Amino acid sequence: MSLSAKDKATVKDFWAKVSGKADTLGADALFRMLTVYPQTKTYFAHWKDLSATSPQVKKHGKTVMGGVSDAVATIDDLTGGLVSLSELHAFTLRVDPSNFKLLSHCIMVVFAGNFPGEFTPEVHLCMDKFMQALARALSEKYR
Amino acid sequence: MVEWTDFERTTISSIFASLDYNDVGPKALCRCLIVYPWTQRYFGAYGNLYNPAAIKSNPLIAAHGVKVMHGLDRAVKNMDDIKATYAELSVLHSEKLHVDRDNFRLLADCLTIVIAAKMGSAFTCDVQAALQKFVAVVKCLWEEFNGTLLPEVLSVSTVALYYSHVNKCMNKKLKKKCAYFRFY
């Protein structure tokens, strides 16, 4: 399920539309994941506040979307572009890769909620493929 | 039996009451067939699914999308006994249609996204959590077939036995269409 040239163009095009709101979208997606899939809270047990207004949740949502933005910029070589992030997730954070799907779904939900007209099934397809490729690149260093 | 909070009951009822099934059903099913094209395997008799435009304009797919929403509506009206409500549908999806369990999650995810697009900011995290719980319960459509069987936690040999059983149950028509199952 690799990205075709058309997929990459669609991803870049859609990301250009949403990147202005990336910080708030990231925070919303992260908080949604923590609420809808409570098992993911185990990775944030060291945070005192896991509510929607938590500054830590907001800041981390921004960090995550920054990572996605970097991935869009290196879409032609996701594995190479995300090496350091992959090492972080593999050796330090040790997030089970099954959780990447959960956050990815929540990101798709916030895209749909905020950009209902632009997030067509064709765009959804390309973004879903991209997020799966991103998750694969993040899992590269795991074993 | 599933325990529902008052918030979850009210939320699920009001979400579905606000939806136009003739609009949301086709949109959710089309999105599933476009975003996860392997789900098209169950719609071989539904005509032209060659590209997204064909899928979106296919009247049989649209009609089936509406049917799916009415099926979900039955669960909304019987939230305290979804398993009994879906007993017949469960057998249909497992014994006759042989739908891979994971495909229910894919369709549910697409339905969630269509509802999110409709509701906008009203689709808060708590509302999404309630909907997620509701669609997860729909997996009892699969449980009728294999109880609590979880292929992913069994050994490789047992998984092979499981799939060879599925293979034997499938009718010849589906077997020809699905090269994957020839592996077993």
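Quick caveat: nothing in here was measured; it's all calculated off a predicted structure.

A word on the overall build of chain B. Along the backbone of chain B there are eleven helices and zero strands. Beginning at the N terminus, the succession of helices and strands in chain B can be written as α-α-α-α-α-α-α-α-α-α-α. Burial statistics for chain B: of 184 residues in total, 47% are counted as buried. For chain B, long-range pairs separated by at least 24 residues make up 67% of all intrachain contacts whose partners lie at least 6 apart in sequence. Summed over all atoms, the accessible surface of chain B reaches about 9800 Å², with 60% contributed by carbon and sulfur.

Let's shift gears to the packing of helix H2 (residues 21-35) of chain B against helix H7 (residues 102-119) of chain B. All names here are of chain B. Viewed as axis vectors pointing N to C, H2 and H7 meet at an angle of 130°, and their least axial separation amounts to 8 Å. Regarding the angle of H2 to H7, the classification is oblique. The two elements H2 and H7 meet at a crossing, and its hand is right-handed. Residues Asp23, Val24, Lys27, Ala28, Leu29, Arg31 and Cys32 of H2 form the contact with H7, whose participating residues are Leu106, Leu107, Cys110, Leu111, Ile113, Val114 and Lys118. When its residues are assigned to classes, the contact of H2 with H7 shows ten nonpolar, no polar and four charged.

Moving on: the layout of surface pockets. What the second largest pocket holds in volume is close to 280 Å³. Taken together, 16 residues make up the lining of the second largest pocket; nearest its centre are A:Phe119, A:Pro121, B:Lys27, B:Arg31 and B:Val114. Put simply, the parts of the chain that give the lining of the second largest pocket at least two residues each are H2 and H7 of chain B. In the lining of the second largest pocket, the residues fall into ten nonpolar, two polar and four charged.

Relative to the assigned elements, A:Ser84 resides in helix H5 (residues 83-93). As for A:Ser84 and A:Thr120, which are separated by 36 residues in sequence, their C-alpha atoms are 33 Å apart.

Residues and elements named next belong to chain A. Applying the stated rule across the entire model yields eleven aromatic pairs over all chains. With centroids separated by 4.7 Å and ring planes inclined at 40°, the aromatic side chains of Phe44 and Trp47 adopt a geometry described as tilted. When its relative accessible area of 10% is taken as the criterion, Phe44 is described as buried. A connected cluster of aromatic rings, assembled from ring pairs, spans Phe14, Phe111, Phe115 and Phe119. The ring of Phe115 carries the charged tip of Lys21 above its face, separated from the ring centre by 5.6 Å.

Right, let's talk about the state of the cysteines for a bit. By the definition in use, this model includes zero disulfides over all chains. You can see B:Cys125 has no disulfide; the closest cysteine sulfur is in A:Cys106, sitting 8.3 Å from it.

Our focus in this paragraph is the interface of chain A and chain B. Facing 21 residues of chain A, the contacting portion of chain B comprises 21 residues. Each partner contributes to the roughly 1800 Å² buried at the junction of chain A and chain B, and carbon and sulfur atoms together form 64% of this total. Joining chain A to chain B, the criterion identifies one salt bridge. Its salt-bridge partner being A:Glu122, residue B:Lys56 comes within 2.8 Å of it at the nearest N-O pair. Counting the contacts that link chain A with chain B gives seven residue pairs in polar contact (both at pLDDT 80 or more). Every element with two or more residues in the side of chain A that touches chain B is listed here: helix H2 (22-36), helix H6 (98-114) and helix H7 (121-138) of chain A. A per-element tally of the side of chain A that touches chain B places H6(A) first, with six residues.

The biggest cluster of nonpolar side chains holds 78 residues, and the ones touching the most others in it are A:Met33, A:Phe111, A:Phe119, A:Met127, A:Phe130, B:Phe16 and B:Phe134. Excluding residues within four positions of it along the chain, B:Phe134 makes contact with B:Trp4, B:Ile12, B:Phe16, B:Leu72, B:Ala75, B:Val76, B:Met79 and B:Ile82. Counting residues in hydrophobic clusters, the runner-up holds eleven residues, among them B:Leu29, B:Tyr42, B:Leu49 and B:Phe104.

Scanning the model with the defined rule gives twelve salt bridges over all chains in all. The residue A:Lys17 makes a salt bridge to A:Asp13 at a minimum N-O spacing of 3.7 Å. Here the residue A:Lys17 and the residue A:Asp13 both occupy positions in helix H1 (residues 5-18), the gap between them amounting to four residues, near one helical turn. For A:Lys17, a relative accessible area of 45% puts it in the partly exposed group. Through salt bridges with shared partners, a single ionic network connects B:Asp23, B:Lys27 and B:Lys118.

A word on H1(A). Residue and element names in this part refer to chain A. The end-to-end C-alpha distance of H1, which contains 14 residues, comes to 20 Å, matching closely the 20 Å that a straight helix rising 1.5 Å per residue would cover. Along H1, the residues that are buried comprise Asp7, Lys8, Val11, Phe14, Trp15 and Val18. Axial view of H1: buried residues confined to an arc of 135°, hence all on one face. Across from the buried face of H1, at angles greater than 90 degrees, the exposed residues are Ala5, Lys6 and Ala16. On its buried face, H1 sits against H2, helix H3 (55-73), H6 and H7.

Cut-off values and rules
Residues numbered from 1 in each chain as written. Chains lettered and ligands numbered in written order. Predicted model: local features only at pLDDT ≥ 70, side-chain atom pairs only at ≥ 80, totals over all residues. Heavy atoms only, no water. Helix = DSSP H or I, 4+ residues; strand = E, 2+ residues; numbered from the N terminus. Buried < 20%, exposed > 50% of the residue type's maximum accessible area, 1.4 Å probe, protein only. Contact = heavy atoms within 4.5 Å. Areas by Shrake-Rupley, 256 points an atom, 1.4 Å probe, with all protein chains shown as cover. Axes fitted to C-alpha atoms, helices over the stretch in contact; angles between N-to-C directions. Parallel < 35°, antiparallel > 145°, perpendicular 65-115°, else oblique. Left-handed = near helix turned anticlockwise from the far one by under 90°. Nonpolar A, V, L, I, M, F, W, Y, C, P; charged D, E, K, R; others polar. 1 Å grid on protein atoms, 1.4 Å probe; cavity = no way out; pocket = protein on both sides within 12 Å on 5 of 7 lines; lining within 4 Å. Points joined across faces, edges and corners; volume = space filled by probe spheres on them. Phe/Tyr/Trp six-rings, centres within 6.5 Å; stacked < 30°, edge-to-face > 60°. Lys NZ or Arg CZ within 6 Å of the ring centre and 35° of its normal. Disulfide = S-S within 2.5 Å. Buried area = accessible area lost by both parts, 1.4 Å probe. Salt bridge = Lys/Arg side-chain N within 4 Å of Asp/Glu carboxyl O. Polar contact = N/O pair within 3.5 Å; in protein donor to acceptor, adjacent residues only side chain to side chain. Core = buried A, V, L, I, M, F, W, Y, C linked by side-chain atoms within 4.5 Å. Expected span 1.5 Å × (residues − 1). Arc of directions from axis to C-beta.

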